[in-house]
Amino acid sequence: MTASRVDDDVSAGAVHAIVLCADDYALHPAVDEAVERLARAGRLSATSCMTTAPQWPAAAARLPALRDRLAVGLHFNLTEGHGGAHAAQPLGTMLRRAYGRQLSEAPMRAAWRTQLDAFERALKTPPDFIDGHQHVHQLPRVRDALLAELQARYAPHERPWVRSTVPAGGLWRKPKAALIALLGGWTATRTLHRAGVATNQGFGGVYGFDAPDAAAYGAHMAQWLPHAAQGSLLMCHPATTAVPGDAIGTQRAVEYAFLASDDFGALLQRTGRRVQQGPQALAAWFGAPPDAA
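- Looking at an unreviewed UniProt entry, one finds the protein named Glycoside hydrolase/deacetylase ChbG (UPF0249 family) and attributed to Paracidovorax wautersii.

Shown next, in the form of structure tokens:
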């Protein structure tokens, strides 16, 4: 969608509802606090949870109070070790193994089962949706194991929707966004749709985690929003303070500063966008996949 099209939409009074999802809930208390504050302020639609994190059970106990506002999903993790508390491999190693056909479906299936069990044990419900830390859910063998576990675990009408990383609108022209989609995004989306599993309808929020301040991150958001149609998903990674030892720990605080600001509210209004809240509304959007490409 072009900027002029957005201007036309706004002048005509059209408002598109988007899904804004904060990844990495339970990674660190500052991440959890940011998610909870932004949800209460109407600035988040969803959060995806790292059930591998040591503090997951304690963090999960605070989520039921937000369930009328937030869709809550599983953030499947193979690459974050939580300081040695969880077996993990660097993303580069996972990519080489996945595309070198060195991953076996059985251990991947076991990893899915373990993390889904931890989610359901803590929240007493299946996840509303599923995505992956560093998008590992879309990799070869990993996505096959995901589909097998979904089919074995849930009836068709109970299956969570799954994050697609296929870029929204013209965002495929952004090199990093296109690369993520090439590394399994398009293939995984087609595979899921053929199997009757729903996904979001366009993806954004990809950048180099290099915004020096809230205004610079806001400039990225101003580029993403015009491409976000009704039901598109944007990811974010906020924390109320910098997270020590985390690769994007400083950037998390920058994202939070913008998302909590009046400037973000003004940008939403200017671009004719609003943040949808309520898991039932999201489920209605993503309740049936489009025809497979």
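## What about the overall build of the protein?
Part 1: Assigned secondary structure in the protein consists of 11 helices and 8 strands.
Part 2: The C-alpha radius of gyration of the protein comes to 18 Å, within 12% of the 19 Å expected for a compact globule of 293 residues.
Part 3: Across its three principal directions, the C-alpha atoms of the protein cover 55 × 40 × 35 Å.
Part 4: Evaluated residue by residue, the protein yields a buried proportion of 54% over its 293 residues.
Part 5: Intrachain contacts of the protein at a sequence separation of at least 6 include 78% that bridge at least 24 residues.

## Describing the environment of Gly169
Part 1: Along the chain, Gly169 turns up in the loop between strand S5 (161-162) and helix H7 (175-194).
Part 2: Along the chain, Gly169 and Pro226 lie 57 residues apart, while their C-alpha atoms are 8.6 Å from each other.

## A look at the environment of Arg96
Part 1: The residue Arg96 is located in helix H4 (residues 91-99) in this model.
Part 2: Residue classification places Arg96 among the exposed positions, given a relative accessible area of 57%.
Part 3: Each C-alpha atom, one on Arg96 and one on Arg109, is 19 Å from the other, the two residues being 13 residues apart in sequence.

## Details of the nonpolar core
Part 1: Among the nonpolar cores identified, the biggest contains 69 residues, and Trp56, Tyr217, Met221 and Leu259 are the most heavily contacted of them.
Part 2: Once residues lying within four places of it in the same chain are set aside, the contact partners of Trp56 are Tyr25, Ala26, Cys49, Met50, Thr51, Leu63, Ala118, Phe119, Ala122 and Leu123.
Part 3: Within the second largest apolar cluster, 17 residues are counted, among which are Ala17, Ala46, Ala71 and Trp285.

## Regarding the pairing of strand S3 (residues 71-76)
Part 1: Among the 6 residues of S3, 6 are classified as buried, and the element is accordingly described as predominantly covered.
Part 2: Here 4 bridges tie strand S2 (residues 46-49) to S3, and the two strands are oriented parallel to one another. Its bridge partner lying in S3, Thr47 is registered against Val72.
Part 3: Two strands pair when backbone bridges link them, and S3 and strand S4 (residues 129-132) are joined in this way by 3 bridges, in the parallel orientation. Within the sheet, the bridge partner assigned to Phe76 lies in S4 and is Gly132.

## Some details on the packing of aromatic side chains
Part 1: Evaluated as defined, the whole model comprises 10 aromatic pairs.
Part 2: With centroids separated by 4.7 Å and ring planes inclined at 20 degrees, the aromatic side chains of Phe129 and Trp161 adopt a geometry described as stacked. A residue pair is termed long-range when its members are at least 10 positions apart, and Phe129 in strand S4 and Trp161 in strand S5 qualify at 32 residues. Considered together, Phe129 and Trp161 belong to a single accessibility category, that of buried residues.
Part 3: Considering the side-chain rings of Tyr217 and Phe258, the 6.0 Å spacing of their centres and the 75 degrees angle between planes classify their relative orientation as edge-to-face. Here Phe258 lies in helix H9 (residues 249-259) and Tyr217 lies in helix H8 (residues 214-224), a separation of 41 residues in the sequence.
Part 4: For Tyr217, a relative accessible area of 0% translates into the label buried.
Part 5: Through pairs of rings, three or more aromatic residues link up here, namely Tyr207, Phe209, Tyr217, Trp224, Phe258 and Phe264.

## Thoughts on unusual backbone geometry
Part 1: With phi around 50 degrees, His82 is a residue other than glycine that occupies positive phi space.
Part 2: Mapping His82 onto the fold places it in the loop between S3 and H4.
Part 3: For His82, a relative accessible area of 14% gives the class buried.
Part 4: Not every positive phi belongs to a glycine, and His135 is a case in point at roughly 65 degrees.
Part 5: According to the relative accessible area criterion, His135 is buried, its value standing at 11%.

## A closer look at the environment of Ala152
Part 1: Tracing the backbone shows Ala152 in helix H6 (residues 142-153).
Part 2: A relative accessible area of 57% means that Ala152 is categorised as exposed.
Part 3: Separated by 115 residues in the primary sequence, Ala152 and Arg37 place their C-alpha atoms 36 Å from one another.

## Structural notes on the side chain of Asn77
Part 1: Note on placement: Asn77 falls in the loop between S3 and H4.
Part 2: On the basis of relative accessibility, which here comes to 0%, the residue Asn77 falls in the buried class.
Part 3: Among the polar contacts made by the side chain of Asn77, one reaches the side chain of Thr52 at a distance of 2.9 Å.
Part 4: Within polar-contact distance, the side chain of Asn77 engages the backbone nitrogen of Thr79 at 3.0 Å.
Part 5: In contact with Asn77, not counting residues within four places along its chain, are Met50, Thr52, His82, His86, Gln115 and His133.

What counts, and at which threshold
- Residues numbered from 1 in each chain as written.
- Predicted model: local features only at pLDDT ≥ 70, side-chain atom pairs only at ≥ 80, totals over all residues.
- Heavy atoms only, no water.
- Helix = DSSP H or I, 4+ residues; strand = E, 2+ residues; numbered from the N terminus.
- Rg over C-alpha atoms; globule rule 2.2 N^0.38 Å.
- Buried < 20%, exposed > 50% of the residue type's maximum accessible area, 1.4 Å probe, protein only.
- Contact = heavy atoms within 4.5 Å.
- Core = buried A, V, L, I, M, F, W, Y, C linked by side-chain atoms within 4.5 Å.
- Pairing = 2+ DSSP bridges.
- Phe/Tyr/Trp six-rings, centres within 6.5 Å; stacked < 30°, edge-to-face > 60°.
- Polar contact = N/O pair within 3.5 Å; in protein donor to acceptor, adjacent residues only side chain to side chain.

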